[in-house]
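What follows is the residue order along each chain.
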Amino acid sequence: MTTTPEFPANFLWGAATSAYQIEGSPLADGAGPSIWHPFSHTPGHTRDGDTGDVACDHYRRYAQDVRLMRSLGLNAYRFSLSWSRVFPNGRGRLNAAGLAFYERLVDTLLAHDLQPFATLYHWDLPLALQERGGWLNRGTAGWFADYAQQMFKALGDRVLYWTTLNEPWVVVDAAYLHAAHPPALGDWRQAPWAAHHLLLAHGLAVQAGRAEGRQQIGIVINLEPQYPVSDSTADQEAAWRAHVYMNRFYLDALRLGRYPRALQSLFADAWPDFPEEDLRIISQPVDYLGINYYARSRVRHDPQAPLTQASRVIEPGRRYTDLDWEVYPQGLTETLCWVKRRYGEMPLYITENGAAFADPPVQGDRLDDPLRVAYLREHLRAAYAALEQGVDLRGYFVWSLLDNFEWAQGYSKRFGIVHVDYATQRRIPKASAQFYADVIRGRGGEALRDSG
Ligand code: FCB
């Protein structure tokens, strides 16, 4: 890239988090437990037995965190609402004290000129609904829409941007194929119905949003280009299966109104005959797509791998983050251009992008994280390249504002541009936070010039 990137003046520059990963106090003020509560409290499920009980204590420190974002120059904040704070049983009685937390948060964001970008479901299903079958129960889709409608009513005058679901692929893959996330069922035969009900929940929530007059409703999908490790037919076919399963499953349904035919052969007799009417609900227009991008996968044929018979390979000589995700910035440009090509022109947001690295120790009030700075610089340049290629990219959200509870990995993986000292809850902006502030101030500019 020879030019100095100059992002549009109205570009959203944000950071992303999610409720269970940062809030702490999961049962405070009348909240009901989500599925993550008993899961993380069961030995063996999370690294070191970590739980979200305290996390970043954002539930009590949100005002300080909002001021911090403002001081870095961010103009948007992507967060999620905990369904079971607001509806302790997932349905029925609304818990006003839980809702009040999000009202305070939203009001504080607006007072600091930060655009709230609210996600309704970031993996924390109310436990009471799991006890009724969770995403295998069609009723959950309707209860989600009821909850969404109440949130549109309560916060729709202040929150412009709404996301129904975060990464339905992970919800299904991690719980129904690998038993790594709750409800940890680990049976791929259940995946199609769980996926379908999640998508139906999305569609019904969009309908509820329209009924309430909401005009910026979207969904967040995680995408990962799948490359075969060799040009053998077996590896190429494995990469193709992984691609259809991960990248096209949800987007084809949402944007084209049908599931990829290849899924039928993949799932064979476990693939149901879905009602046509559901696909019409699922594929009704949304206002934007949120894309989460971290890495690409290089895959090989692996008969042991469930469903896709494809496994991700780690290879010497490539760069990886602390989670063994490959640093592959051009994959972001590729992904955004692929979405535009396959699914048509529409506003896109990069709703998550970032990296876990084992950070060097804090020195006084500084923490130098050059690997994360390089990762962000390269990916922001890759985002700009997509803009130059005509992608209608409207914003970028770094994952994450704070180091936080990285699901089954607990607190062992740090993604924040702000360091959290979990013993004291002190926040220390890393060099990457300063770097991001420079990028925002210059709308790209010098901070994104080639680092050589
Ligand atoms: C995404 C999740 C987010 C976080 C990042 C690292 O899949 O949406 O909560 O865990 O990965």
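Residues numbered from 1 in each chain as written. Predicted model: local features only at pLDDT ≥ 70, side-chain atom pairs only at ≥ 80, totals over all residues. Heavy atoms only, no water.

(A) Layout of the nonpolar core. Ranked by size, the top nonpolar core spans 152 residues in total, and within it W83, W135, F144, Y259 and F267 carry the most contacts. Per-element accounting of this core gives the leading share, 10 residues, to helix α9 (residues 191-211). Residues within four places of F144 in sequence aside, it is in contact with W83, L120, Y121, W135, T164, L165, A201 and A205. (Core = buried A, V, L, I, M, F, W, Y, C linked by side-chain atoms within 4.5 Å. Buried < 20%, exposed > 50% of the residue type's maximum accessible area, 1.4 Å probe, protein only. Helix = DSSP H or I, 4+ residues; strand = E, 2+ residues; numbered from the N terminus. Contact = heavy atoms within 4.5 Å.)

(B) Broad picture of the sheet that holds strand β1 (residues 12-16). If you trace the eight strands once around the closed barrel, you get β1-β2-β3-β4-β5-β7-β10-β11, paired in parallel fashion. Neighbour-to-neighbour, the strand axes of the sheet open up by a mean angle of 25°, direction not taken into account. Both strand β2 (residues 76-80) and strand β3 (residues 115-121) contribute to a ladder of five bridges, which runs parallel. Following the sheet pairing, F79 is matched in β3 by A118. Lying on the sheet, helix α10 (residues 233-256) is in contact with β5 (217-222) and β7 (288-292); it crosses β5 at an angle near 160°. (Pairing = 2+ DSSP bridges. Axes fitted to C-alpha atoms, helices over the stretch in contact; angles between N-to-C directions.)

(C) Representation of the sheet that holds strand β8 (residues 297-301) within the structure. The three strands are arranged β6-β8-β9 in an open sheet whose pairing can be described as mixed. Of all the strands in the sheet, just β6 (226-228) and β9 (310-312) have a single pairing partner and so form its edges. Pairs of neighbouring strands in the sheet enclose a mean axial angle of 45°, with direction left out of account. Of the pairings in the sheet, the one linking β6 to β8 comprises three bridges and is parallel in character. Pairing of Y227 across the sheet is with R298, part of β8.

(D) Inspection of α9 at higher detail. Helix length check: α9, at 21 residues, gives a terminal C-alpha distance of 30 Å against a target of 30 Å (1.5 Å per residue), a fit within 8%. Counted residue by residue, α9 has 16 buried out of 21 residues, so it is predominantly covered. (Expected span 1.5 Å × (residues − 1).)

(E) The arrangement of the packing of aromatic side chains in detail. In total, this model carries 51 aromatic pairs according to the counting rule given. Each ring, one from W13 and one from Y436, has its centre 6.2 Å from the other, and the planes form 70°; the classification is edge-to-face. Taken together, the residues W13 in strand β1 and Y436 in helix α15 (residues 431-441) connect sequence positions 423 residues apart. Each member of the pair, W13 as well as Y436, carries the same accessibility label: buried. Each ring, one from W169 and one from Y245, has its centre 5.8 Å from the other, and the planes form 65°; the classification is edge-to-face. Here Y245 lies in helix α10 and W169 lies in helix α8 (residues 168-177), a separation of 76 residues in the sequence. For Y245, a relative accessible area of 4% corresponds to the buried category. One cation-aromatic arrangement involves R296 over Y227; the distance from NZ or CZ to the ring centre is 4.6 Å. The ring of Y328 has R296 lying over it, and the distance from NZ or CZ to the ring centre is 3.8 Å. (Phe/Tyr/Trp six-rings, centres within 6.5 Å; stacked < 30°, edge-to-face > 60°. Lys NZ or Arg CZ within 6 Å of the ring centre and 35° of its normal.)

(F) Representation of the pattern of salt bridges. This model, assessed by the stated rule, comprises 31 salt bridges. Close ionic contact of R298 with E315 constitutes a salt bridge, the shortest N to O distance being 2.5 Å. Placement of R298 in strand β8 and of E315 in the loop between β9 and α13 (330-343) is noted, with a sequence separation of 17 residues between them. Given the relative accessible area of 16%, E315 is considered buried. Among the salt bridges present, the one from D368 reaches R366, with a minimum N-O distance of 3.3 Å. For D368, a relative accessible area of 40% corresponds to the partly exposed category. (Salt bridge = Lys/Arg side-chain N within 4 Å of Asp/Glu carboxyl O.)

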